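Here is what each chain is made of, one letter per residue.
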Amino acid sequence: MRVGVLGGGPGGLYAALLIKRRHPSATVTVHERNRPDDTFGWGVVLSDQTVDNLRRADEPSGQRIADALHHWDDIDVHIGGRTIRSTGHGFAGIGRKRLLAELQDRARALDVQVHFEDDVLEIETLAHNADLIIAADGLNSRTRERFAESFRPNVDVRVCRYVWLGTPRRFEAFTFAFEQTPAGWVQAHAYRFNDDTSTFIVEMPEDVWQGNGLADMSQDDAIAWCERTFASHLQGAPLVSNARHLRGSAQWIRFPRVTCESWVHWLDVPALRVPVVLLGDAAHTAHFSIGSGSKLALEDAIALDEALAAPDALGDGLSDALMQWQSARALEVLKIQNAARNSTEWFEHVARYAPLPAEQFGYSLLTRSQRISHENLRLRDPAYIAAFEAWFAGRAFADADVTPSAVANDTRPPMFTPFRVRGVTLPNRVVVSPMAQYSAADDGAPTDWHLVHLGARATGGAGLVMTEMTCVAPDARITPACPGLWTDAHRDAWARIVRFVHECSPAKIGLQLGHAGAKGATRRMWEGIDQPLAEGAWPLIAASDTRYLPDVSELARGMNHDAMDRVRDEFVAAARRGAEAGFDWLELHAAHGYLLSGFLSPLTNRRTDEYGGPLAHRLRFPLEVFAAMRAVWPHDRPMSVRVSAHDWAAGGNTDDDAVEIARAFKQAGADVIDVSAGQVVKHERPTYGRMWQTPFADRIRQEAGIATMAVGAITDADQLNGILASGRADLVAVGRPHLANPAWTLLEAARLGYAGAEWPVQYLPGKAQLYRLIERERAGAAVVAPPRGELT
């Protein structure tokens, strides 16, 4: 086996020595274009887990690296004169030069041939002397660009500028420091990596960098500016650069997020076919805010070595081995890159989060990537979470003007704190999402099914239960089985359900009103969702002529002004009846491609009058409807609006538009924005995942300055508590888990060990048994150490 390695960084050296160690007869050659001690970074962050992996892969080098590490457990967040500290994170740092020296020594001991100042310009020159070429040639990989058609790279250059500096100031915790300058917020990421040196990375958005004049400063002036800006954190220590070869603004770089669809290219040269694989930054990058790219490169090398150990991997099985390596490794890298993307975006928008209280700002930073959750933080640092929950609860009770009741223990997770809007106080922040049941009577009246559905979830512990979209007219229905509120008989049927919720639970009940528009006259879900009725359909209306399903749905005709006036009055009449029925909360459904959503989206609103065109015009009719409803809805009861924050289709609304939509409804008197996304057009291409719509709720809350409700693939209390604690939303709507278990909220309380959730007195024997069962399960479960050593 002959292996040629391009690049003598940590990933290339480690791959070389591991392969040589496992295959002593192999010829392994590293070609590095720089000198042995050249490096343009400072420290490298490794997790405890990565260090353990290094020891297992090659004990001699792993132990020498471990012996050189500087360890710390704490993270300090400095903002506004406050310091928030949490512990239990398990990090280690090592100087990049020291790491390279250890790997070079081990490679030489194993007889790896390492050639420095050897710049291979034509990779074909290696092919005649190699059965495998490993391209570990870094972020600006020439190999990746040379064979771009095979690797299919994507390089996303992010918006922040940053510079790597060092300082003799010895930071005892991983430190995030935030300072406000005249041009905006800047941040420093600092960590100690040996006895007398720390890495100090200064980062800020492009506009802040330009606004502070750094683009025009010399390197020395820019370093002096950083020293002045972070003087209180440096405590008189200087900042230094090891990139003196760069002049002026060249030292400030923008992070490129690199992904490749393939990591393997087969190089064809006369009589030979040699595989070329990308490794480390050449194949993928992850933002420095979640740790080190060196960690990913080292773990790539470990996985590649293991793949080459498979039977026949060095012969006819080489292609299969490389494909299996890429498949397995790419999944792990994708997880880290997704976390890194979340972290990157958080640091790009520090100005969005800086107004949060310091306690919440620090929590938001710690959980920004979604890989560290509320309960994971509790495992890492129980005292930190206990103090944070006490702070959050104290603030929530003060805002709600409620005195907390005594509970069996002194913990109160954020989801079980009250939330007050106008004159309504919710006992907790769990909302049962509006979920279509398709079980109304033929005349649109709610039935006993609705009584049981909503009543069971109210007694099951949720703070607010929402009706499904309740239609304001017969032709406003999605299906013939959808409930309505266009007659007094409907009002009285709903009043029965409202009375049950009020008399038998502490929950509040909300009414969601809507009009199906172009998505009406369809079959019930289990009979063919979105499919038109075979008979009994009614004429459909929309903002503009529309078919939701091209060539399938009935054509919805664009509304004239008389039709718009009629629909507005139908919403008003339904809102008035809802108040008379005793509902605590009213929500206007302006999402998911229904009538009002159709006005908001440019994909479905092609009007040429004053209700079409720019967003301000597309907002007019939905705002007119909302204002008319608000005028008849009691002043002391809240109103929310459900919106689709992103159309997930080219030319449609994005979260930029959603912020403006939320601002407009806030100005019109909305109290909460219920933030969903999509379902506006059938050709949408959404990006699904855990809590996938929560970032939209987060952005709207921070930028529009209005309370939000998060919804979408939120499935457990850990996720709810993280969303609420970080200030990403004020309420969390949970849908499908409540379909599976009406008492989902009470079950999650038991799993958290929180005894303060209010149970129906009739069910108290079940509460005692449930808590005993969970305690026994905990006692019998193995204690699993929390993941450590991630900045994520």
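Residues numbered from 1 in each chain as written. Predicted model: local features only at pLDDT ≥ 70, side-chain atom pairs only at ≥ 80, totals over all residues. Heavy atoms only, no water.

**Student:** Help me understand the overall build of the protein chain, please; the structure alone is not making it clear to me.
**Tutor:** Regarding its fold elements, the protein chain presents 29 helices and 29 strands. Relative to the 2.2 N^0.38 estimate, which gives 28 Å for 792 residues, the radius of gyration of the protein chain is 30 Å and therefore close to what a compact globule would have. Each principal axis of the C-alpha atoms in the protein chain carries an extent, and together these give about 90 × 60 × 60 Å. Split into buried and exposed, the 792 residues of the protein chain put 60% on the buried side. Pairs at least 24 apart in sequence give 72% of the contacts found in the protein chain among residues at least 6 apart. Split by element, the accessible area of the protein chain, about 31,000 Å² in all, is 50% carbon and sulfur. For the protein chain, the separation between the mean place of its 82 positive charges and that of its 98 negative charges on side chains is 2 Å. (Helix = DSSP H or I, 4+ residues; strand = E, 2+ residues; numbered from the N terminus. Rg over C-alpha atoms; globule rule 2.2 N^0.38 Å. Buried < 20%, exposed > 50% of the residue type's maximum accessible area, 1.4 Å probe, protein only. Contact = heavy atoms within 4.5 Å. Areas by Shrake-Rupley, 256 points an atom, 1.4 Å probe, with all protein chains shown as cover. Lys, Arg positive; Asp, Glu negative; His and termini not counted. Charge placed at Lys NZ, Arg CZ, Asp CG, Glu CD.)

**Student:** Can you help me understand the sheet that holds strand β6 (residues 82–86) in this one?
**Tutor:** One key point about sheets: their strands pair by backbone hydrogen bonds, in either a parallel or an antiparallel sense. Here seven strands make up an open sheet; going across it, the order is β6-β5-β11-β12-β13-β10-β14 and the pairing mixed. A strand with exactly one partner marks an edge of an open sheet, and here the two such strands are β6 and β14 (253–260). With direction set aside, neighbouring strand axes in the sheet form an average angle of 25 degrees. In this structure, strand β11 (residues 174–181) lies alongside strand β12 (residues 184–192), joined through seven bridges in antiparallel fashion. Looking at β12, one finds that alanine 177 is bridged to alanine 188. The strands that helix α9 (residues 219–229) touches are β10 (153–167), β11, β12 and β13 (198–205); relative to β11, the one it contacts most, it runs at about 100 degrees. (Pairing = 2+ DSSP bridges. Axes fitted to C-alpha atoms, helices over the stretch in contact; angles between N-to-C directions.)

**Student:** Would you take a moment to explain helix α16 (residues 382–400) for this structure?
**Tutor:** Owing to its 3.6 residues per turn, the α-helix aligns residues three or four sequence positions apart on the same side. Between its first and last C-alpha atoms α16 spans 27 Å; for 19 residues at 1.5 Å apiece the expected length is 27 Å, and the two agree. What α16 keeps buried is the set Tyr384, Ile385, Phe388, Glu389, Phe392, Ala393, Ala396, Phe397 and Ala400. Following α16 by one or two positions, aspartate 401 adopts a phi angle in the positive range, close to 55 degrees. (Expected span 1.5 Å × (residues − 1).)

**Student:** Any chance you could explain the nonpolar core here in plain terms?
**Tutor:** The nonpolar side chains of soluble globular proteins are, as a tendency, buried together. Counting 130 residues, the largest nonpolar core has Phe178 and Leu513 as the members making the most contacts within it. Counting residues per element, this core draws most heavily on helix α20 (residues 561–581), which supplies eight residues. Not counting residues up to four positions away in its chain, the partners in contact with leucine 513 are Met469, Thr470, Val472, Leu485, Phe571, Ala574, Ala575, Leu586, Glu587, Leu588, His589 and Met629. By size, the runner-up hydrophobic cluster in this structure holds 67 residues, among which are Val30, Ile94, Ala282 and Val333. (Core = buried A, V, L, I, M, F, W, Y, C linked by side-chain atoms within 4.5 Å.)

**Student:** Teacher, can you tell me more about the sheet that holds strand β3 (residues 43–47) here?
**Tutor:** Spatial ordering of the open sheet is given by β3-β7-β4, a layout of three strands whose pairing is antiparallel. Edge positions in the sheet fall to β3 and β4 (70–72), since each of these pairs with one other strand and no more. When the angles between neighbouring strand axes are averaged without regard to direction, this sheet yields 30 degrees. Alignment of β3 against strand β7 (residues 91–95), held across five bridges, turns out to be antiparallel. When the sheet's bridge partners are listed, serine 47 is paired in β7 with phenylalanine 91. Each of β3, β4 and β7 touches helix α2 (residues 48–57); the most contacted strand, β3, lies at about 85 degrees to it. Across the sheet, helix α4 (residues 96–109) lies against β3 and β7, angled at about 80 degrees from β7, the strand it touches most.

**Student:** Help me out: how do you make sense of the pattern of salt bridges in this one?
**Tutor:** Side-chain pairs of opposite charge can arise where the charged atoms are in close proximity. Throughout the structure, instances matching the rule amount to 53 salt bridges. Between aspartate 488 and arginine 577 there is a salt bridge; the shortest N-O distance is 3.0 Å. Of this pair, aspartate 488 sits in helix α18 (residues 488–504) while arginine 577 sits in helix α20, placing them 89 residues apart in sequence. Look at arginine 577 and you get buried, because its relative accessible area is 18%. The salt bridge partner of arginine 751 is glutamate 748, with a shortest N-O separation of 2.7 Å. Taken together, the positions of arginine 751 and glutamate 748, both in helix α28 (residues 744–752) and three residues apart, correspond to about one turn of that helix. On the accessibility criterion, arginine 751 (49% relative accessible area) is partly exposed. A residue is classified by how much of its surface remains accessible, and glutamate 748, at 5% relative accessible area, is buried. (Salt bridge = Lys/Arg side-chain N within 4 Å of Asp/Glu carboxyl O.)

**Student:** Looking at this model, I keep getting lost on helix α11 (residues 293–307). Mind explaining?
**Tutor:** Between its terminal C-alpha atoms α11 stretches 21 Å, which fits the 21 Å expected from 15 residues at 1.5 Å a residue. With respect to burial, α11 is a largely interior element, twelve of its 15 residues being buried.

**Student:** Just to check I follow, could you spell out the packing of α2 against helix α3 (residues 59–68) for this structure?
**Tutor:** For any two helices packed against each other, the geometry comes down to the angle between their axes and how far apart the axes lie. Two numbers describe how α2 lies on α3: the axes approach to 5 Å, and their chain directions differ by 145 degrees. The two elements α2 and α3 meet at a crossing, and its hand is left-handed. Of α3, the residues touching α2 (which contributes Val51, Leu54, Arg55 and Ala57) are Glu59, Gly62, Gln63, Ile65 and Ala66. For the contact of α2 with α3, a count of residues per class yields five nonpolar, two polar and two charged. (Left-handed = near helix turned anticlockwise from the far one by under 90°. Nonpolar A, V, L, I, M, F, W, Y, C, P; charged D, E, K, R; others polar.)

**Student:** Whenever I open this one, the packing of aromatic side chains confuses me. Can you help?
**Tutor:** Ring pairs (aromatic) are described by centroid distance and by the angle formed between their planes. Throughout the structure, instances matching the rule amount to 34 aromatic pairs. Ring geometry for phenylalanine 200 and phenylalanine 230: centres 5.6 Å apart, planes at 75 degrees, overall edge-to-face. One end of the pair, phenylalanine 200, is in strand β13; the other, phenylalanine 230, is in the loop between α9 and α10 (231–234), with 30 residues separating them in the sequence. Each member of the pair phenylalanine 200 and phenylalanine 230 is classed as buried. When the ring of tyrosine 611 is compared with that of phenylalanine 621, the centres are 6.4 Å apart and the planes differ by 85 degrees; the resulting orientation is edge-to-face. Of this pair, tyrosine 611 sits in the loop between α21 (595–600) and α22 (615–618) while phenylalanine 621 sits in helix α23 (residues 620–632), placing them ten residues apart in sequence. By relative accessible area, which is 2% here, phenylalanine 621 ends up buried. (Phe/Tyr/Trp six-rings, centres within 6.5 Å; stacked < 30°, edge-to-face > 60°.)

**Student:** Any chance you could explain the environment of aspartate 195 here in plain terms?
**Tutor:** Among the structural elements, aspartate 195 can be located in the loop between β12 and β13. Placed 101 residues apart in sequence, aspartate 195 and isoleucine 94 show a C-alpha to C-alpha distance of 10.0 Å.

**Student:** Whenever I open this one, the side chain of glutamine 326 confuses me. Can you help?
**Tutor:** Here glutamine 326 lies in helix α12 (residues 318–348). By relative accessible area, glutamine 326 is classed as buried at 13%. Here the side chain of glutamine 326 touches tryptophan 263 through a polar contact of 2.9 Å, landing on its backbone nitrogen. (Polar contact = N/O pair within 3.5 Å; in protein donor to acceptor, adjacent residues only side chain to side chain.)

**Student:** Whenever I open this one, the pairing of strand β27 (residues 672–676) confuses me. Can you help?
**Tutor:** A regular strand places its side chains so that they alternate between the two faces of the sheet. For β27, a buried count of five out of five residues is recorded, marking the element as mostly surrounded by other parts of the structure. Side chains of β27 alternate between two faces, with Val672, Asp674 and Ser676 and Ile673 and Val675 buried alike. Of the strand pairs in this sheet, strand β26 (residues 639–644) and β27 are connected by five bridges, and their pairing is parallel. Considered in β27, the bridge of arginine 642 is made with aspartate 674. Viewed along the sheet, the connection from β26 through helix α24 (residues 655–668) into β27 turns out right-handed. (Right-handed = clockwise from strand over helix to strand, strands pointing away.)

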